[in-house]
Amino acid sequence: MYSKVLLAYDGSESGRRALLECADINDLLHAEIHLLAVAPIAATLFVAEGFVADVPQEEENERFAEVLKEGLDQLKARGVTAEGHLVTGDAVREISRLAHELHVELIVIGHTHHASRLERWWKGSVGASLVEEAPCNILIVVQPSA
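Each value, and the rule that gives it
Residues numbered from 1 in each chain as written. Predicted model: local features only at pLDDT ≥ 70, side-chain atom pairs only at ≥ 80, totals over all residues. Heavy atoms only, no water. Core = buried A, V, L, I, M, F, W, Y, C linked by side-chain atoms within 4.5 Å. Buried < 20%, exposed > 50% of the residue type's maximum accessible area, 1.4 Å probe, protein only. Helix = DSSP H or I, 4+ residues; strand = E, 2+ residues; numbered from the N terminus. Contact = heavy atoms within 4.5 Å. Patch = residues over 30% accessible without salt bridge, like charges linked within 9 Å, V, L, I, M, F, W, Y side chains within 5 Å. Areas by Shrake-Rupley, 256 points an atom, 1.4 Å probe, with all protein chains shown as cover. Salt bridge = Lys/Arg side-chain N within 4 Å of Asp/Glu carboxyl O.

What follows covers the nonpolar core. In terms of nonpolar packing, the biggest core is built from 21 residues, with V5, L7, I33, L35, L75 and V108 touching the most fellow members. For this core, the secondary-structure elements that each account for two or more residues are β1 (4-8), α1 (13-29), β2 (32-39), α2 (57-77) and β6 (106-112). If near-sequence neighbours (up to four positions away) are discounted, L35 is found in contact with L7, Y9, L19, L68, G71, L72, L75, E83, G84 and H85. Grouped together as the second largest cluster of nonpolar side chains are 16 residues, V38, V92, L130 and A134 included.

Structure (structure tokens):
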């Protein structure tokens, strides 16, 4: 049914839940799994001399490299072999781009329900935006809010 799966992983609780769900369904699929971590572009401040990163991009990339390694280790511990990908940019654009590039048939992501309307509006939803751009089916694994 699905021979190539892209799992977007950010190290969050909902991301871990999606990772475990992906490992479980892969027992049935025996698919080629690609694990993607997207480091966000570091926030910048404008000062008189130019732009200064709030957190240096290298630190963000290193942090997400660790997230990716953790995800790959968790999959390996469950007997799932995956190829890791680390990119920097907008999560929706990068997930869609890699899904197109790899010709995946399923994208798996985690999602946490937001408690209030303001929180939903402020934080937005990668899943909702991804639906508009994805080249394939999406499995959204829901983590209820606390």
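Taken together, the side chains of V131, I140 and V142 make up a nonpolar region of the molecular surface, amounting to roughly 210 Å² of accessible area. Within the secondary structure, V131 sits in helix α5 (residues 126-133).

This next bit is on the environment of N26. Relative to the helices and strands, N26 resides in helix α1. The class for N26 is buried, based on a relative accessible area of 10%. Note: C-alpha distance between N26 and S3 (23 residues apart in sequence) is 9.7 Å. If near-sequence neighbours (up to four positions away) are discounted, N26 is found in contact with A31, I33 and V80.

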